[in-house]
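Letter by letter, the chains look like this.
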Amino acid sequence: MWCLRRPRKLIFIALLGALVWTLYGYLLSKNRDGSNVKQQAGEEDTVLSQYDEMLPVDALSKNADELKLQNDRNAIEEKLKLEAAVEREEKANQMKHDRMKHDLEDFKVMDHLPDTPNNNIIAYQDSKPDRQKPADTMDIRRRQHRRRTGVSLIKDNPPSGEERPGKLNDGLLKYGHNESVSQSLSLRRVLPDVRDTLCRKIRYQENLPDVSVIIVFYNEAWTTLLRTIHSIVDRSPPQLIREIILIDDFSDHENLQLPLRDYLALLPKVVLKRTTGRVGVIAGRQIGASMAVGSVLVFLDAHCECTIGWLEPLLDRIRQDETHVVTPVMDIIDDQTFEYRSFDTKSINIGGFDWNLQFIWIGVPERIQKLRTSEIDFVRSPTMPGGMFAISRNYFNKLGGYDTGMDMWGGENLEMSFKIWMCGGSLETVPCSHVGHLFRRGVSYKLGEGDSRKNFYRLAEVWLDEFKELYYQKINKVVEISEDIVNRKNLRKQLNCESFGWYLKNVYPELFIPSEAIASGEIRNKQEAYADGVRFPGCLDGSTGSGATGIRVWPCHNQGGNQLWMLSKSGEIRRDEGCMDYSGDKVVVLPCHGQQGNQAWEYLVNGLIKHSNSKLCMGLSSDGGSLAMSKCLGKNDQIWYWKRLQTEGLSDSENKQPVQELALDNY
């Protein structure tokens, strides 16, 4: 039976036998020739003497022995070569067999599909998420992976399906970051320990809950995706990671197909699930949550890097109360240089939003600072960006998870934030936990056809109550929701959630409410402005975008936009989250900080706009073409028309000049 199992060895034995038989026949014929020479010695003396001189009997025997020895050596060498070749072939076949067996065991098509809106999911899942692979097995798997895919796990080269961008713009257009730099970095690069010294001294309890990390990606760069995964595996206590669930939202990049599957097979506890159609971040995360078995769900973007000690502080806060929903400090990974930029405990920002329902970063208000016992104490945050947070799986399900009636992405972070606060939970930033985030240029997730603000309509209708009108006024649109939101409204009722007015009063009182503005509209100067030889009615005009933007005098257009300004009860001249700021040079727009100071103004009954700190008033420059700050004299170029909405909080000037009374409500 062994012959049938080893045909190569049988052939070798047959060849060796034929070689030995041939050698035996050759030696036998030589011996016969020697005997004939002896028998003819007496009859042919001359010939015999010649033969004796040329080929003595002793010499003949010696040559025969040497020839036999050489042939034996050649036969042994040939045998060793054949045995080595057979052994190599057998090892290769065995490794191929092991690889096929591993693929069948570690990956399988799931029979059960979660209940999702599209229900079009197919997946490859690790059947043993808790299985740890021995180090020697990992080495073998790495070599096998390199042979199959051409990807070296030591040099971290991307697979052949991913081209190295030849120019910087190639990576920016494809991935939104400098992919050339990313490819030059190790997938397991070393990051500094950016925690505060006090954080490093904390010893957490051993009974922390385990987690399921959920990552949704679509055509993500090979390097950033795997660097995210490696940072989780390398910098998390193994006993706390139950599984890492990857949801591939129908990526079509070649390197994210079989090469990614083979690579992930080398990593413990990783589950890969693929969709058969685009479902978006919202539905993708809900799919991951439905698969998860960990006590805590940790949602991360696919372009993050976790730092040392990132996980334990989050879990410790949830261990104390499952209604605590926590976020790490979101550090910055530069999209060009991939430099890691961390925030210390004194420069932490928290989340807010504006009436466009867009997330914004805000400073920590003084009222929240007073609630903290130390610099490393948690910070309450009105909203979160949504790219990274941890929540008890039980509490997540109790809140109804994500609103899967929303499309793709957008607004889900505010929906989750409002729901947490209004339905009995709290949203907090934990200073001892740091995770870097790559802020990419451009958006990979494109919304589907139809109104791109559908998600925000649902958000406003379900959670904003009467304040939804402020959003609709902001976008200048009245909306009738055709989508079924009854289930989400019923969920809010069942959870006995608070009103949005309660949220604004107790969670985010710093938010400016346009309906409470003292004055609103364009700010028009009484005197005509002058520029390029033309006189025109001049209005204050300025953008409230990022960075310091100067205020200019521009022809009034009655279209709102950059000429729409509101006066808050605290004396801010603002639009959205931008406030007019004067520090002694020019009037500019900076992010509102709520501390008054350079952003405190008074709109007086005589039409003057006075800066509270400097006691100077706004007016036209001497040439009439720009804005200037000067002593309050009450001249026409310092008088402004601005529609008053209410008189509460208006200040009266000590310098009451005998100026003409203005009908400010009738201009």
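None of the values given here were measured: they were computed from a predicted structure.

### Let's talk about the nonpolar core
So, point 1. Phe 418, Phe 500 and Tyr 503 are the most contacted members of the largest nonpolar core, which totals 62 residues.
So, point 2. Phe 500 has contacts with Phe 353, Trp 355, Phe 418, Met 422, Trp 463, Leu 464, Asp 465, Phe 467 and Arg 492, leaving out every residue within four places of it along the chain.
So, point 3. Counting 39 residues, the second largest nonpolar core, distinct from the first, contains Val 211, Val 213, Leu 260 and Ile 318.

### A closer look at the state of the cysteines
So, point 1. All told, the structure shown has five disulfides when counted by the stated rule.
So, point 2. The partner cysteine of Cys 579 in its disulfide is Cys 592, sulfur to sulfur 2.0 Å. Because the torsion about its S-S bond is 100°, the bridge between Cys 579 and Cys 592 counts as right-handed. Here Cys 579 is found in strand E23 (residues 578–582), whereas its partner Cys 592 is found in the loop between strand E24 (587–591) and strand E25 (601–603), with 13 residues between them in sequence.
So, point 3. Accessibility expressed as a relative area gives 0% for Cys 579, which makes it buried.
So, point 4. What pairs with Cys 617 in a disulfide is Cys 632, and their sulfur atoms sit 1.9 Å apart. On the sign convention where negative means left-handed, the S-S torsion of about 95° between Cys 617 and Cys 632 marks this disulfide as right-handed.

### Details of the sheet that holds strand E14 (residues 519–521)
Whether parallel or antiparallel, the strands of a sheet pair through hydrogen bonds between backbone atoms.
So, point 1. Taken in spatial order, the six strands line up as E14-E21-E22-E23-E24-E19 in an open sheet, and their pairing is antiparallel. Across the chains shown, the open sheet's two edge strands, defined by having one partner strand only, are E14 and strand E19 (549–550).
So, point 2. Bridging between E14 and strand E21 (residues 565–567) involves three bridges; their strand directions are antiparallel. Looking across to E21, one finds that Ser 520 is bridged to Met 566.

### Concerning helix H12 (residues 311–320)
Residue pairs three or four apart in sequence face the same way in an α-helix, which turns once every 3.6 residues.
So, point 1. With eight of its ten residues buried, H12 lies for the most part within the structure.
So, point 2. Listing the buried residues of H12 in full gives Leu 311, Glu 312, Pro 313, Leu 314, Leu 315, Asp 316, Arg 317 and Ile 318.
So, point 3. For H12, the elements touching its buried residues are strand E2 (211–217), strand E3 (241–248), strand E5 (296–300), strand E7 (324–333), strand E12 (388–392) and strand E13 (426–438).

### Section: helix H11 (residues 280–291)
So, point 1. Here H11 spans 17 Å end to end across twelve residues, near enough to the 16 Å set by a 1.5 Å rise per residue.
So, point 2. Across the twelve residues of H11, eleven count as buried, placing the element largely inside the fold.
So, point 3. For H11, the complete set of buried residues consists of Gly 280, Val 281, Ile 282, Ala 283, Gly 284, Arg 285, Gln 286, Ile 287, Gly 288, Ala 289 and Met 291.

### Thoughts on the pairing of E24
So, point 1. Of the strand pairs in this sheet, E19 and E24 are connected by two bridges, and their pairing is antiparallel. Its bridge partner lying in E24, Gly 550 is registered against Val 588.
So, point 2. Hairpin connection, E23 to E24: the antiparallel pair is bridged by four residues, and Gly 584 has positive phi, about 115°.

### Quick word on the packing of aromatic side chains
So, point 1. Taken as a whole and assessed by the stated rule, the structure comprises 18 aromatic pairs.
So, point 2. On the numbers, 5.9 Å between centres and 75° between planes, the contact of Phe 353 with Trp 355 is edge-to-face.
So, point 3. Taken together, a centroid distance of 6.5 Å and an interplanar angle of 55° make the contact between Tyr 457 and Tyr 472 tilted. Pair noted here: Tyr 457 is in helix H16 (residues 454–463) and Tyr 472 is in helix H17 (residues 468–474), with a separation of 15 residues, a long-range link.
So, point 4. Residue Tyr 457 is classed as buried on the basis of its relative accessible area, which comes to 7%.
So, point 5. A relative accessible area of 5% means that Tyr 472 is categorised as buried.
So, point 6. Lying across the ring of Trp 554, Arg 552 places its NZ or CZ 3.7 Å from the centre.
So, point 7. Above the plane of the ring of Trp 565 lies Arg 575, whose end atom (NZ or CZ) is 4.5 Å from the centre.

### Focus on the environment of Ser 612
So, point 1. With respect to the secondary-structure elements, Ser 612 resides in the loop between strand E26 (609–611) and strand E27 (616–620).
So, point 2. Linking Ser 612 and Trp 601, residues eleven residues apart in sequence, is a C-alpha distance of 5.3 Å.
So, point 3. In this structure Ser 612 touches Ala 600, Trp 601 and Glu 602, once residues within four positions along its chain are discounted.

### Observations concerning the packing of H16 against helix H18 (residues 486–494)
So, point 1. Orientation of H16 relative to H18, taken along the N-to-C sense of each, is 35°, at an axis distance of 10 Å. For the crossing formed where H16 meets H18, the hand is right-handed. Across the interface between the two elements, Arg 458, Glu 461, Val 462 and Trp 463 of H16 pack against Arg 488, Lys 489 and Arg 492 of H18.

### Overview of the side chain of Thr 223
So, point 1. Take Thr 223: it is sitting in helix H9 (residues 222–234).
So, point 2. For Thr 223, a relative accessible area of 1% translates into the label buried.
So, point 3. Residue contacts for Thr 223: discarding those within four places in its chain leaves Glu 179, Ser 182, Gln 183 and Leu 187.

### As for the environment of Gly 387
So, point 1. Counting through the fold element by element, Gly 387 comes out in the loop between strand E11 (379–380) and E12.
So, point 2. Judged by its relative accessible area of 6%, Gly 387 falls in the buried class.
So, point 3. Residues within four places of Gly 387 in sequence aside, it is in contact with Arg 285, Phe 299, Leu 300 and Asp 301.

Conventions used here
Along every chain, residues carry numbers that run from 1 in the direction the sequence is written. Residue-level local features of this predicted model are given only where pLDDT is at least 70; pairs of side-chain atoms are given and counted only at 80 or more, and the full residue set underlies all totals for whole chains, interfaces and linings. Where side-chain values are given, they derive from all heavy atoms of the structure, hydrogens and water being excluded. For this analysis, a nonpolar core means a set of buried residues of the types Ala, Val, Leu, Ile, Met, Phe, Trp, Tyr and Cys, connected via side-chain atoms within 4.5 Å. Categorising residues by exposure relies on relative accessible area from a 1.4 Å probe, with only protein chains included: less than 20% of the type maximum marks a residue as buried, more than 50% marks it as exposed, and the intermediate range marks it as partly exposed. By definition, residues are in contact when any of their heavy atoms lie within 4.5 Å. Our working definition of a disulfide is a cysteine sulfur pair at a distance within 2.5 Å. Helix and strand definitions here come from DSSP, where helices need a minimum of 4 consecutive H or I residues and strands a minimum of 2 consecutive E residues; each element is numbered from the N-terminal end. Pairs of strands are assigned from DSSP output, requiring at least two bridges between the strands. Expected helix span is given by 1.5 Å per residue-to-residue step, counting one fewer step than there are residues. Here is the rule: rings of Phe, Tyr and Trp (six-membered ring for Trp) pair when centre to centre is within 6.5 Å. Planes less than 30 degrees apart are stacked, more than 60 are edge-to-face, and the remainder are tilted. We call a charge positioned over a ring when the NZ of a Lys or the CZ of an Arg lies within 6 Å of the ring centre and within 35 degrees of the ring normal. For helices, the fitted axis covers only the stretch in contact; all axes are lines through C-alpha atoms, and the angles between them, taken along N-to-C directions, range from 0 to 180 degrees. We call a crossing left-handed when the near helix sits turned anticlockwise from the far one by less than a right angle, and right-handed when that turn is clockwise.

Nothing here speaks to function; it is all geometry.
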